Amino acid sequence: MTANEVTPTPVAPSSIGTSLLRRDGVEKVTGSAAYAVEHPVTGAGGEPPLQAWLVTSTVARGRVVSIDRSAALAHPGVVAVVDHTDAPRLAETSDRELAILQDDVVDFRGQIVAIVLAETAESAREGAALVRVEQEAQPHEVVFDADTPTYAPEQVNGGSETDTLDGGPDEALARAVVTVDATYTTPYEFNNPMEPHAATALWDGERLTLHDSTQGPRPVRGTLAPMLGLEEEQVRVLAPYVGGGFGSKGLPHAPEMAAAMAAMTVPGRPVRLAVTRQQMFALTGYRTATRSHVRFGAHPDGRIEALRHDTVSQSSRIKEFAEQAAVPARVMYAAPHRATTHRVAELDVAVPSWMRAPGEMPGMFAHEVAMDELALHTGVDPVELRVRNEPDVDPDTGNPWGNRRLVECLRRGAERFGWADRPAEARATADGEWWVGTGMAASTYPMLWMPGNVARVRSLDGGRYGVAIAATDIGTGARTVLVQIAADALGCPPEAIDLDMADSDLPFGSVAGGSSGTTSWGTAIVAAAQQFRADHGDHPDPGVETTAASGQYADMDGHALHSFGAVFCEARVHRYTGEVRVPRLLGVYSVGRVVNPRTARSQLLGGLVMGLSAALFEDGWRDPRTGHTVTQDLATYHVAANADVKQIEAEWLDDVDELSTPMGSRGIGEIGIVGTAAAVANATYHATGVRVRGLPLTADHFLD
């Protein structure tokens, strides 16, 4: 769709800033919201969907020697078994993650080697267990450690430079009076949204319709269509309700291709595929492990003279993903001499991908624990240390800040948390058998704006307006806040807005990722609404419409646009068992104008809980013999549950950032997790005097 490009003007808030009830609240709490495998899709003759089950490899590297399907096909209810010998041939196979069943090569443990289709899920599961796959194992490399060979990627995730250098950091570190020199590690972490990756696919011979659990219908269409040899208009992707994603559903993965290919083998018959919890640990992306070597050189008063952040992450041999863990160090603190580097280790493993705040989460863990160590070495309070190193301009670009306000977050958080009463010494406070300590960390996340978004505004009967964009609500509240934005842009109450979204046939909407959704879609909606008023006036005839693309609104060239925050934590560590508990957690943020306080608080609290979970529990273990992730369920891979989350609070500064969006807002989905694990780690040090430089903070670290 072509549309005039319009640069919007700021919107006066009326609905924006109010706690409007979620538009999808009733459907979700009553169970009427249909998720990816719940849509009532039938075949041309009214046939119900076939159920698909994936058969996966059990070697880390090798080839499929043979597949015996006879027992599976003889099982009651099994209709077909698809493998590399008879699967549809793809037109494009350069993406080895998505180019499934095209040959006999096995690239990693858990790769799809066959798909079983049956009348029921039970028959499909049993049929999959009866498929006999003979595999030939070949030498493999699956261990990521300090001896693993690495290389420098051309760029890291998000398009950032691989390395940066300002001044002479090595020489400055050598002459520094106070130094920190330590290595920090984060483990493999796995997205586990409530709704697993799932899809319902129907191929009618001309068009593929995919009800998908995705963060971006248009990106899925744009990726799958050329690989399948189809025009984009031949693929329709719908995602009206998505049960969480956290980045794992931001890019299409192999299960979506499996559903599409399976449907194309049974034209006219829908196919449903829900990935099991165990299969998600190999097939839907994960956060790579990281190792960060951080060095600070400072003056006795804590002012940083030099810093280096050198990070290594793991990728897959078949598809590169380079975690941008050192990028946050480029913007956080003032230092005349600075360097950052990224290196990648390539292994025979599943492909890592986005997980909430990729780069920022593991990188800021390292950076902010190192800052706590610098505070200890200089005798400067951790909050004051960050204030003393506040940069006047962005250290990376030299641009003026758009709206930093980190110092205000630090001061406000310290006041609310009672930081002034904190003893300076570690292991100074005990409550019975528990050591008690407090810690803090700063957080940041860039303001991301995705180009190309298009929205349509149409006048309906009775003073109502239809607003359409192929955006996705993955549970964050987008369906609600976009209504508020549209209402203010059109000068009407939110009740007058009918929002159509989550359909690739609608005007282009970018992925719900990188905290860019509301920013990018909302800007496009404002542009379309303002152009609609210019085209049709305040009293339009029913049926008239305007479609507009948003010109770049954010001043990303002239200013450094980021969100910032401060996280404060109280930790209790049992002196005999080493158990860690977190009774208090507070985050204070500068995120621009908040469109809906109700949904914003939910997002920030969710990020804090996810950061707490990473701090205390999450740890994926890979068997070095087979490449198998053995912690592949929620029993062995523990995530924070109700009993683990005590008093947790999030607040934000009264803020407006009209350099970023016409709404004055910035994204909030990611920043809540950034800095949280570091704050917990710093609090456990203050409680016990034991410095832990690797996640998670398990009990064994704190036993005398």
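Everything below is about the structure shown above.
In what follows, the accompanying structure is described. (Residues numbered from 1 in each chain as written. Predicted model: local features only at pLDDT ≥ 70, side-chain atom pairs only at ≥ 80, totals over all residues. Heavy atoms only, no water.)

## Notes on the pattern of salt bridges
Scanning the model with the defined rule gives 50 salt bridges in all. The partner of Asp83 in a salt bridge is Arg69, and the shortest N-O contact between them spans 3.7 Å. In this pair, Asp83 sits in strand 4 (residues 78–83) while Arg69 sits in the loop between strand 3 (62–68) and helix 2 (70–74), placing the two residues 14 residues apart along the sequence. Residue Asp83 is classed as buried on the basis of its relative accessible area of 2%. We classify Arg69 as partly exposed; its relative accessible area is 22%. (Salt bridge = Lys/Arg side-chain N within 4 Å of Asp/Glu carboxyl O. Helix = DSSP H or I, 4+ residues; strand = E, 2+ residues; numbered from the N terminus. Buried < 20%, exposed > 50% of the residue type's maximum accessible area, 1.4 Å probe, protein only.)

## Section: empty space enclosed by the protein
Overall, the coordinates contain seven cavities of 30 Å³ or more when judged by the stated rule. Its volume calculated, the largest cavity comes out at about 190 Å³. As for the largest cavity, its lining consists of 21 residues, and the residues nearest its centre are Ala99, Ile100, Leu101, Gln111 and Ile112. A class-by-class count of the residues in the lining of the largest cavity yields 13 nonpolar, three polar and five charged. (1 Å grid on protein atoms, 1.4 Å probe; cavity = no way out; pocket = protein on both sides within 12 Å on 5 of 7 lines; lining within 4 Å. Points joined across faces, edges and corners; volume = space filled by probe spheres on them. Nonpolar A, V, L, I, M, F, W, Y, C, P; charged D, E, K, R; others polar.)

## A short note on the sheet that holds strand 20 (residues 434–446)
Spatially, 19-20-25-26-27 is the arrangement adopted by the five strands of the open sheet, whose pairing is mixed. The two strands at the open ends of the sheet, each matched to only one other strand, are strand 19 (430–431) and strand 27 (647–652). Both strand 25 (residues 562–574) and strand 26 (residues 580–590) contribute to a ladder of nine bridges, which runs antiparallel. Bridge pairing in strand 26 places Phe568 opposite Leu586. Its contacts with the sheet place helix 13 (residues 597–616) against strand 25, strand 26 and strand 27, and it is angled at close to 130 degrees to strand 27. Here helix 14 (residues 676–688) sits on the sheet and contacts strand 20, strand 25 and strand 26; the angle it forms with strand 20, its principal contact strand, is near 155 degrees. (Pairing = 2+ DSSP bridges. Contact = heavy atoms within 4.5 Å. Axes fitted to C-alpha atoms, helices over the stretch in contact; angles between N-to-C directions.)

## Thoughts on the packing of aromatic side chains
Inspection of every chain in the model, using the stated rule, returns ten aromatic pairs. On the numbers, 4.7 Å between centres and 40 degrees between planes, the contact of Phe190 with Phe281 is tilted. Taken together, the residues span a long stretch of sequence, with Phe190 in the loop between strand 11 (178–186) and strand 12 (198–203) and Phe281 in helix 7 (residues 277–283) at a distance of 91 residues. For Phe190, a relative accessible area of 4% translates into the label buried. (Phe/Tyr/Trp six-rings, centres within 6.5 Å; stacked < 30°, edge-to-face > 60°.)

## Some details on the environment of Val544
Assignment of secondary structure puts Val544 in the loop between helix 12 (517–536) and strand 24 (545–550). For Val544, a relative accessible area of 24% translates into the label partly exposed. Sequence separation between Val544 and Asp619 is 75 residues, and the spatial gap between their C-alpha atoms is 55 Å.

## Overview of the pairing of strand 17 (residues 304–316)
With twelve of 13 residues buried, strand 17 lies mostly within the body of the structure. Hairpin connection between strand 16 (residues 290–298) and strand 17: a loop of five residues separates the two successive antiparallel strands, and Gly302 in this loop has a positive phi of roughly 95 degrees. Bridge count for strand 17 against strand 18 (residues 337–347) is eleven bridges, and the pairing is parallel. In the strand pairing of strand 18, Asp310 is matched with Thr341.

## Some words on the pairing of strand 27
The sheet contact formed by strand 26 and strand 27 spans six bridges and is parallel. If you follow Leu586 over to strand 27, its bridge partner there is Glu649.

## With respect to unusual backbone geometry
Geometrically, the link from Leu695 to Pro696 is a cis peptide bond, its omega value of -5 degrees lying close to zero. Along the chain, Pro696 falls in the segment after helix 14. Positive phi outside glycine occurs at Arg405, with the angle close to 60 degrees.

## A look at the layout of surface pockets
Taken as a whole, the second largest pocket encloses approximately 450 Å³ of empty space. Surrounding the second largest pocket, 20 residues form its lining, Phe144, Pro187, Tyr188, Ala289 and Trp621 being those nearest its centre. Sorting the residues of the lining of the second largest pocket by element identifies strand 11 and strand 16 as the ones contributing at least two each. For the lining of the second largest pocket, the class distribution of residues is eleven nonpolar, five polar and four charged.

## Thoughts on the packing of helix 8 (residues 360–378) against helix 14
Packing of helix 8 against helix 14 brings their axes to within 8 Å, and their N-to-C directions diverge by 30 degrees. Like other packed secondary-structure pairs, helix 8 and helix 14 cross with a definite hand, here right-handed. Counted together, Met361, Met364, Phe365, Glu368, Val369, Asp372 and Leu376 of helix 8 and Ala677, Ala678, Ala681, Asn682 and Tyr685 of helix 14 form the full contact between these two elements. The residue makeup of the contact of helix 8 with helix 14, split by class, is nine nonpolar, one polar and two charged. (Left-handed = near helix turned anticlockwise from the far one by under 90°.)

## Focus on the nonpolar core
By size, the foremost hydrophobic cluster in this structure holds 81 residues, and its most contacted members are Tyr184, Phe296, Leu374 and Phe568. Top element by residues in this core is helix 8. It accounts for nine residues. In contact with Phe296, not counting residues within four places along its chain, are Leu173, Val178, Thr179, Val180, Ile304, Ala306, Leu307, His367, Ala370, Met371 and Leu374. One finds Phe144, Trp203, Ala225 and Leu273 within the second-largest nonpolar core, a separate group that totals 57 residues. (Core = buried A, V, L, I, M, F, W, Y, C linked by side-chain atoms within 4.5 Å.)

## Observations concerning the side chain of Thr340
Inspection of the secondary structure puts Thr340 in strand 18. Among the polar contacts made by the side chain of Thr340, one reaches the side chain of Thr164 at a distance of 2.5 Å. In terms of polar contacts, Thr340 uses its side chain to reach the side chain of Arg330, at 2.8 Å. In contact with Thr340, not counting residues within four places along its chain, are Thr162, Asp163, Thr164, His309, Ala326, Ala329 and Arg330. (Polar contact = N/O pair within 3.5 Å; in protein donor to acceptor, adjacent residues only side chain to side chain.)

Scope: geometric values only; no functional claims are made or implied.
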